[in-house]
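If you want the building blocks of each chain, they are given just below.
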Amino acid sequence: MTTPSGSSPSGEVGRGVAVLIEESWKHQLSFEFEKPYFRSLTEFVREEYRNGQCFPPGRLIFNAFDTTPFDDVKVVILGQDPYHDVGQAHGLCFSVMDGVKHPPSLRNILQEIHEETGAPIPESGNLTRWARQGVFLLNTCLTVRAHQAFSHSGKGWETFTDAVIQRLSEGREGLVFLLWGGPAGKKEALIDKTKHLVLKSAHPSPLSAYRGFFHNNHFNMCNQYLTEHGKQPIVW
């Protein structure tokens, strides 16, 4: 998939579909790019970006992949679709650009980290600092129409991101999957729990955070597991 902004692709993948994505992920997902659903998805996304405002910016659709290469992933956090207001989404789930007010779910995530670890709540909600430590911040859908939540759902992104989760489960060992909320929790079926740690709870949204997200201790349990498996813990 070329970026809708027209950036030059890094190479042709499959049947002439150009996908601008980090090389290790391109290698892992090359067969996925050849499938008919992905070609249809590519055409849909191109048309959406051509005919209206969509998020994130085209060059950042695969930002999670570009920031956290396949072999660097230690933790997977799964979101739904990108933020759909101007200036928020930049291709990492729950994250916002520098200078943007923390959305409610992100505010609750940072509050829970503070309660668990004592770390101060940062001014910036840009989670690139996590992604560079190996936290793969994946949305179920990678694009969205402006001001229309879930507007790109059911078009093929879910099939693609399910394949991503399966590749991580099959090709890596000792990962931590943080699955918050019902839709994310259903992805547990894609993960080999004999090789990885799966932590589930309610979603951090204000509508559900008090039903099990707060005090879930996921961030501490995640780092304990990483340490036990000889990996550097995450500085949340």
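Remember, predicted model here, so these are calculated numbers, not experimental data.

### Comments concerning the overall build of the protein chain
- The helix and strand tally for the protein chain stands at eight helices and eight strands.
- Considering only C-alpha atoms, the protein chain reaches an extent of 50 × 35 × 25 Å along its principal axes.
- The buried share among the 236 residues of the protein chain stands at 55%.
- Taking as baseline every contact in the protein chain between residues at least 6 positions apart, the subset at least 24 positions apart corresponds to 62%.
- On the protein chain, roughly 10600 Å² of surface is accessible, and the fraction owed to carbon and sulfur atoms is 50%.
- For the protein chain, the distance from the average position of its 23 positive side-chain charges to the average position of its 25 negative side-chain charges is 3 Å.

### What about the packing of aromatic side chains?
- Using the criterion set out here, one finds 20 aromatic pairs in the structure.
- Measuring from ring centre to ring centre gives 6.0 Å for Phe33 and Phe160, while their planes differ by 25°; the resulting arrangement is stacked. On the criterion of sequence distance, the pair formed by Phe33 in helix α1 (residues 23-33) and Phe160 in helix α6 (residues 157-171) is long-range, its members being 127 residues apart.
- Using a relative accessible area of 0% as the deciding quantity, one classes Phe33 as buried.
- Judged by centre distance (5.4 Å) and plane angle (45°), the ring pair of Phe38 and Phe160 falls under tilted.

### Topic: the side chain of Thr143
- Looking at the element boundaries, Thr143 is found in the loop between β5 (135-139) and β6 (144-145).
- For Thr143, a relative accessible area of 0% corresponds to the buried category.
- Here Trp157 takes part through its side chain, which lies 2.8 Å from a polar atom of the side chain of Thr143.

### A closer look at helix α8 (residues 218-228)
- Within the sequence span of α8, burial applies to His218, Phe219, Cys222, Asn223, Tyr225 and Leu226. The buried residues of α8 occupy an angular sector of 160° when the element is viewed end-on, so they sit on one face.
- Elements that come into contact with the buried residues of α8 comprise β4 (75-79), α4 (104-117), β7 (176-180) and β8 (197-201).
- Looking at the residues trailing α8, positive phi occurs at Gly230, about 75°.

### Section: unusual backbone geometry
- Across the junction of Phe55 and Pro56, the peptide omega takes the value -5°, indicating a cis bond.
- With respect to the helices, strands and loops of the structure, Pro56 is situated in the loop between β3 (54-55) and α3 (63-67).
- The phi dihedral of Phe94 is positive, around 70°, even though this residue is not glycine.
- Relative to the helices and strands, Phe94 is located in the loop between β4 and α4.
- In this model, His147 sits at a positive phi of 65°, which is unusual for a non-glycine residue.
- Among the structural elements, His147 can be located in the loop between β6 and α6.

### A look at the sheet that holds β7
- If you trace the four strands from one edge of the open sheet to the other, you get β5-β4-β7-β8, paired in parallel fashion. Two strands bound the open sheet, and with one partner strand each, they are β5 and β8. Mean inter-strand twist for the sheet, computed between neighbouring axes without regard to direction, equals 20°.
- In this sheet, β5 lies alongside β4 in parallel orientation, the contact comprising five bridges. Residue Ile77 lies in a different strand from β5, and its bridge partner there is Leu137.
- Helix-sheet contacts for α6 involve β4, β5 and β7, and the interaxial angle to β5 is about 155°.

Rules of the game
- Residues numbered from 1 in each chain as written.
- Predicted model: local features only at pLDDT ≥ 70, side-chain atom pairs only at ≥ 80, totals over all residues.
- Heavy atoms only, no water.
- Helix = DSSP H or I, 4+ residues; strand = E, 2+ residues; numbered from the N terminus.
- Buried < 20%, exposed > 50% of the residue type's maximum accessible area, 1.4 Å probe, protein only.
- Contact = heavy atoms within 4.5 Å.
- Areas by Shrake-Rupley, 256 points an atom, 1.4 Å probe, with all protein chains shown as cover.
- Lys, Arg positive; Asp, Glu negative; His and termini not counted.
- Charge placed at Lys NZ, Arg CZ, Asp CG, Glu CD.
- Phe/Tyr/Trp six-rings, centres within 6.5 Å; stacked < 30°, edge-to-face > 60°.
- Polar contact = N/O pair within 3.5 Å; in protein donor to acceptor, adjacent residues only side chain to side chain.
- Arc of directions from axis to C-beta.
- Pairing = 2+ DSSP bridges.
- Axes fitted to C-alpha atoms, helices over the stretch in contact; angles between N-to-C directions.

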